Structure formats: structure tokens, C-alpha cells
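Structural characterization, general
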Amino acid sequence: MSWTSLRGDSNPEFTSPSLQLVSAYSLESFAQLMRAGVALGGRNLKTMSRWARQHLSHLTDSEIAALYSYLHSMP
């Protein structure tokens, strides 16, 4: 993944999405994605849901807001 462009990456085992998709999210919907793996439109993302619940659900509101702001500041 290129951290300066936020483009996703792909290998034989996994494809990561472009982080540019964050621009479509409000802070509230981004928090829902980070904590429960629920995407816009209420779509349950199987892999993200598992990761969110196991690894990201403990992020504080401030940490999620900081991540959201950082991703929105990237070109």
C-alpha cells in the first residue's frame, strides 16, 4: 500500500481496499465501520467486521476522530 496515496493493494491472499473511500464517510459512519465493520448503507463487511470487533472496537472516540482527520487530510 502506498501511504502517500492511500491506494489499496493486492496479493494472492488478500486485497485491501483503497483508504480513499474514507472521503465518503461522515465521522459517525466511519466510527461504525471501525467498531463494527458496518459500511455505508448498512453493509456488513465480513472481513472488516471480524477485524473491527477483534482489534479496532476498543479505539476511543478521540482516536477514531484523529484517524478520520488524518485520512481526510491525505491527498
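Quick look at the structure, then. (Residues numbered from 1 in each chain as written. Predicted model: local features only at pLDDT ≥ 70, side-chain atom pairs only at ≥ 80, totals over all residues. Heavy atoms only, no water.)

**Let's talk about helix α1 (residues 27–36)**
Spelled out, the test is: Per-residue accessibility, obtained with a 1.4 Å probe over protein chains only, is compared with the maximum for each type, and a residue is labelled buried under 20%, exposed over 50%, and partly exposed between these values. Secondary structure is summarised from DSSP: a helix means a run of H or I of at least four residues, a strand means a run of E of at least two, and numbering begins at the N terminus for each. We call two residues in contact when some of their heavy atoms are within 4.5 Å.
Every buried residue of α1 is listed here: S29, F30, A31, L33, M34 and A36. Here the buried face of α1 lies against α2 (46–56) and α3 (61–73).

**A closer look at the environment of Y25**
Cut-off, in case you're wondering: Counting of polar contacts relies on pairs of N or O atoms within 3.5 Å, with two restrictions inside protein: one atom must be capable of donating a hydrogen and the other of accepting it, and residues adjacent in sequence are counted only when both atoms are side-chain atoms.
If you trace the backbone, Y25 turns up in the loop between β2 (15–16) and α1. On the basis of relative accessible area, Y25 is assigned to the buried category, the value being 6%. Remark: the alpha-carbon pair of Y25 and Y68, spanning 43 residues in sequence, is separated by 9.1 Å. Those residues in contact with Y25 that lie beyond four places of it in its chain are F30, L33, A39, L40, Y68 and H72. From its side chain, Y25 meets the backbone nitrogen of L40 in a polar contact 3.4 Å long.

**Details of the environment of S23**
If you trace the backbone, S23 turns up in the loop between β2 and α1. In this structure the C-alpha to C-alpha distance between S23 and L71, which are 48 residues apart in sequence, comes to 8.1 Å.

**Overview of the packing of α1 against α2**
Spelled out, the test is: Angles shown run from 0 to 180 degrees and are taken between the N-to-C directions of axes, each axis being a line fitted to C-alpha atoms and, for helices, limited to the stretch in contact. Roughly parallel covers angles under 35 degrees, roughly antiparallel covers those over 145, roughly perpendicular covers 65 to 115, and oblique covers all other angles.
For the pair α1 and α2, the least separation of the axes is 5 Å and the interaxial angle reads 85°. By the angle between their axes, α1 is roughly perpendicular relative to α2. When α1 is examined against α2, the residues L33, M34, R35 and A36 are found in contact with a partner set consisting of M48, S49, A52, R53 and L56.

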